[in-house]
Amino acid sequence: MQNKGFIQVFSIILTLISLFYLSFTVVGRQYNKKADQYANGDLALKNQYLDSLSTEKVYLNYTLKQVRSKEIGLGLDLKGGMNVTLEIDAAQVIASLANTDDPQFNQALRESVAQNRRGSSSDFISLFRQNYERIAPDGRLANIYSITMGDRVRPTASNDEVITILRNELTSVANNSFNVLATRIDRFGVVAPNIQKLDRAERILVELPGITEPERVRNLLQGSANLEFWKTYNVSELGNYFNEMNARSSEYAMAQRSSQATTDTTATDVEGTITEDSVDQGNSLPLPLFEEEREKIVINKSFIEYFNEPYFAMGGAGGPVVGSVSKLDTAEVNFLLNRYKDIFPADVKFKWGFKAIDNRETYFQLFALKGDGSKRGPALDGDVITNAKADQGQRGSAWEVSMTMNSSGASRWATITGAEIGKSIAIVLDGYVYSAPTVNGRIDGGRSQITGNFTPQEAQDLENVLKSGKMQAGVRIVQEDVVGPSLGQEAIRDGFVSFLIALVVLFIFTCMLYGVIPGMVINGALLLNFFFTLGALAAFQAVLTLPGIAGMILSLAMAVDANVLINERIKEELAAGKTIKRALEDGYKNAFSAIFDSNLTTIITGIILAIFGVGAIRGFAVTLIIGIAVSFLTAVFITRLVYENRLGKDKWLNLTFNTGFSRAIFREYNFDFIKNSKNVIIAIGIFVVVSVISLFTLGLNSGIDFTGGRNYIVRFDQPVRVGDIENALNPYLNESVRAITIGSSNQVRISTNYMIEEEGSGVEEQLRELLGQGLKEFMTPGKTIDDHIQSSQKVGPSIAEDMIRNAFLALFIALICMGIYILSRFRNWGFSLGTVAALSVDAFAVVGLYSLLWKVMPFSMEMDQTFVAAILTIVGYSINDKVVVFDRVREYRQLYPKRGLRDLFNDSMNATLARTINTGLSTILVIICILIFGGDAVRSFVFAMLIGVVVGTVTSLFVAAPVAYKMMENQQDKKK
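Per chain, residue numbering runs from 1 following the sequence as it is written. Given that the model is predicted, a residue must reach a pLDDT of at least 70 before its local features are reported, and side-chain atom pairs must reach 80 or more before they are shown or counted; all residues, however, enter totals for whole chains, interfaces and linings. Side-chain numbers come from the whole structure's heavy atoms, not from hydrogens or water.

Concerning the packing of aromatic side chains
Turning to step 1, where the next piece is worked out: What counts as a ring pair is set by centres within 6.5 Å for rings of Phe, Tyr and Trp (its six-membered ring), and what kind of pair is set by the plane angle: stacked under 30 degrees, edge-to-face over 60, tilted for all other angles. Per the counting criterion, the structure on display carries 34 aromatic pairs.
Turning to step 2, where the next piece is worked out: Seen from their ring centres, F242 and F344 are 5.3 Å apart, and the 70° between their planes marks the pair as edge-to-face. With F242 in helix 11 (residues 239-262) and F344 in the loop between helix 12 (330-339) and strand 10 (348-352), the pair connects residues that are 102 residues apart, well separated along the chain. Just as F242 is buried, F344 falls in that class too.
Turning to step 3, where the next piece is worked out: Counting as a charge over the ring demands two things of the Lys NZ or Arg CZ atom: a distance within 6 Å of the ring centre and an angle within 35 degrees of the ring normal. Sitting over the face of the ring of Y31, K34 holds its NZ or CZ atom 4.7 Å from the ring centroid. Helix and strand definitions here come from DSSP, where helices need a minimum of 4 consecutive H or I residues and strands a minimum of 2 consecutive E residues; each element is numbered from the N-terminal end. The buried label goes to any residue with under 20% of its type's maximum accessible area, the exposed label to any with over 50%, and the partly exposed label to all in between, with areas taken from a 1.4 Å probe on protein chains only.

Focus on the environment of A557
Turning to step 1, where the next piece is worked out: Here A557 shows up in helix 17 (residues 546-575).
Turning to step 2, where the next piece is worked out: Taking relative accessible area as the criterion, A557 reaches 0% and is therefore assigned buried.
Turning to step 3, where the next piece is worked out: Sequence separation between A557 and L925 is 368 residues; the distance between their C-alpha atoms is 9.1 Å.
Turning to step 4, where the next piece is worked out: When near neighbours in sequence (up to four residues on either side) are disregarded, A557 contacts L506, T923 and V926. Only heavy atoms matter for contacts: two residues are in contact if any of them lie within 4.5 Å across the pair.

Some points on the nonpolar core
Turning to step 1, where the next piece is worked out: Counting residues in each nonpolar core, the largest one holds 110 residues, and the members touching the most others are F831 and F905.
Turning to step 2, where the next piece is worked out: It is helix 31 (residues 936-975) that provides the largest number of residues to this core, a total of 18 residues.
Turning to step 3, where the next piece is worked out: Excluding its chain neighbours within four sequence positions, the residues that come into contact with F905 are I674, F831, V889, A961, A964, Y965 and M968.
Turning to step 4, where the next piece is worked out: Core analysis: the next-biggest nonpolar cluster, separate from the first, contains 45 residues, F105, A157, I211 and V217 among them. Remark: nonpolar core denotes a set of buried residues (Ala, Val, Leu, Ile, Met, Phe, Trp, Tyr, Cys) joined through side-chain atoms within 4.5 Å.

Here we look at the pattern of salt bridges
Turning to step 1, where the next piece is worked out: Here a salt bridge means any side-chain nitrogen of Lys or Arg lying within 4 Å of a carboxyl oxygen belonging to Asp or Glu. Applying the stated criterion across every chain yields a total of 37 salt bridges.
Turning to step 2, where the next piece is worked out: Residue D786 pairs with R768 through a salt bridge whose shortest N-O separation is 2.7 Å. Of this pair, D786 sits in helix 25 (residues 785-788) while R768 sits in helix 24 (residues 763-774); the two residues are 18 residues apart in sequence, bridging distant segments of the chain.
Turning to step 3, where the next piece is worked out: Taking relative accessible area as the criterion, D786 reaches 43% and is therefore assigned partly exposed.
Turning to step 4, where the next piece is worked out: Several salt bridges converge on common partners, so that one network encompasses E573, K578, R582, D586 and K589.

So this is what it looks like as structure tokens:
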């Protein structure tokens, strides 16, 4: 084998990389186990333990926080949590930039909002332009926007130019919202969150594993960014107040210690409890920074003793920084400041700094702000900012941030800066101080430069903070999935069990087909394939989901396909009388092109899935792509290295790649596929007609991915009947409800589109209350509906429209790509047409059978994202058979140029029939294992795969090849 040394070195490097990245998962799990042992079931104590070590270097100079970020993440379906798609209020952005009462402009905006809410394949700005130009055919957007955006929009600008500027502004708002959301999520304390921008500028995807408080997250994500400019105190002005605070807190701490000494408890009195409701939010600092839900806070030190650097205790100290506090003590400091707030002047506000001041991210600064006006609030709100930009100063000096304000903001800013010369102005976003620059002089005109020895990243962050107040653009949730951790544990168990069983079945099957030694070589390659796939997932920091596990198992089945193809070719070479060494060499060489083509076409399908899918489907696609790429390496190269090594030492010279099982089942075949294809095509035609009738009568079971709505998986203590559930809920949900059994007789999925058009934070609570009322007789006494709901999902109509468009677009692109690739490889339209015709039948067969069977099968058969992913996967898998047959036709045409075309096709299909059957059987065995043991989350997907494998095998033999034969026969007739 050529390049043997390169393959060996590459395999060693890949092994080391996989070991390196997987080691982080092992180390992270070890510390997680230690935290569980330390906390003994107390989640707050566990988080405190992990947080205390987060900046400690625990492995290869990496901190625990870095180690945990490099672990293989578990998706929401495995770990539980929340998946949210947010949409920025683009209408609010467009309106705030225009600031006009033009009736045609406002009518276009209202109609665009209504269309977007109902669902549209166009983005919001495209909808707005279409409506505006329809309502005002001669209208010019420049007349509206040149007034408020004179620095960017010329009065003579065309509508195209204005729309381009609006798109850029919306992108800027999306970027700002993205940064604000990322900061809020980081503060929320979620481990390994995922936040990413989607293809439409106004949409953002947020995944939060392990979340158990969805309502709190909804409020967190949908709140508008709140940018403010505050006056500040010099801490020297508050020295006497801090002295009194220290004395009173010292007495309180002494009383606490005395109380602890006389009682064996650490509980404080009622005054020692701090919750969200007990804090005066208008006159106090935010809740504890890292332990927001602590119910009991024990004070055992005086106020000053909690500070690492108490600037207020230093004589002559200037500036607004009170001091720095360990993140573990912020709750205690908050409690004391709230308890003794009457000591300080009424306009004193305390806020924490946004970033830690040390490399270990341990200490945070506390700032003393000064309320302004009768409301004692900020001196200026951030909505006056019109632009901000980070740049280096003159001649490459330190980085600085410039900002500009509108006319009203500039006037107010001049007054503030004139009065606060020598003092600091705090820039506060969402209650945290991002910067507190000192005022050097009165600033007129609304243009300011903020300096402070910023790094480039810090300057960019401050620019984003200032821009966040430029426009008031709220966000709303258009899709939401909430998965309970109990459901996640079941998914993990089901996925793990199905994987083990599928692996064992594959191992046994390969040994039965080719003997113990060849079978174990294949099995070793499969294990290596699994190891490399996990290593790649860890290296890319991908998230492992249940569909991802299914993709991994499917890639293992397809890895068997490559090994089967090689072994069948080796058997053919041995049957031709060649020695084992020569047969091995020729077998790998002759199987290479078919393996390469079939693997590449499947990767193309995976790429299309990754582009057009979201969430778990994209995870499936990524896992499938990695698995296929790795299987090519292990099947084609590494197994060959093993054989050559052993044969070079005169070992394994008597291998036959045959067993009694394979000889009993597989013989020489001589079927006339071309002749029999007519009957099969007629049967397929009848099936198509029946399926079309079924689609018009029975239809498809459309999931909320395509209709919009909500799903709730509800588990009861006793078995229930779906008819009873529907009858109980219909009066409450306006007859808009459907229930099916999921998994077991005591668990149902309730689907409804009731109130899906309604917006607001109270809609979800109202729906749950209606569910609770309707299901009261089925619920366990003393439990609420929230105790019974295992997971929930919401899809808005607008995002459902996008899913439909992406689904059909993905399928169309996949078929076109397959046809083009086959044409480029086989240089004949007949092969492309046969492939596309067969793949179209494969895809339609799934649709038709889902229409015929969705009312009778014992599991959910919905048309949703998973359904579309299954069809695309079938297209990628099914083409393997077509490629293998066509590859043999191409080979035989070169070897036997005088043989008739009909005989060439029949001989090719007979020669590859054993491989087709072996591959189909191995894949079907794997699919059946997942179907039985894999859990409800993937059952519909796997059933579609089962249909696809069976139908795909039939169409390879009786549709693809016969159509290609007929086309090529016509081409020959024309030449004659």
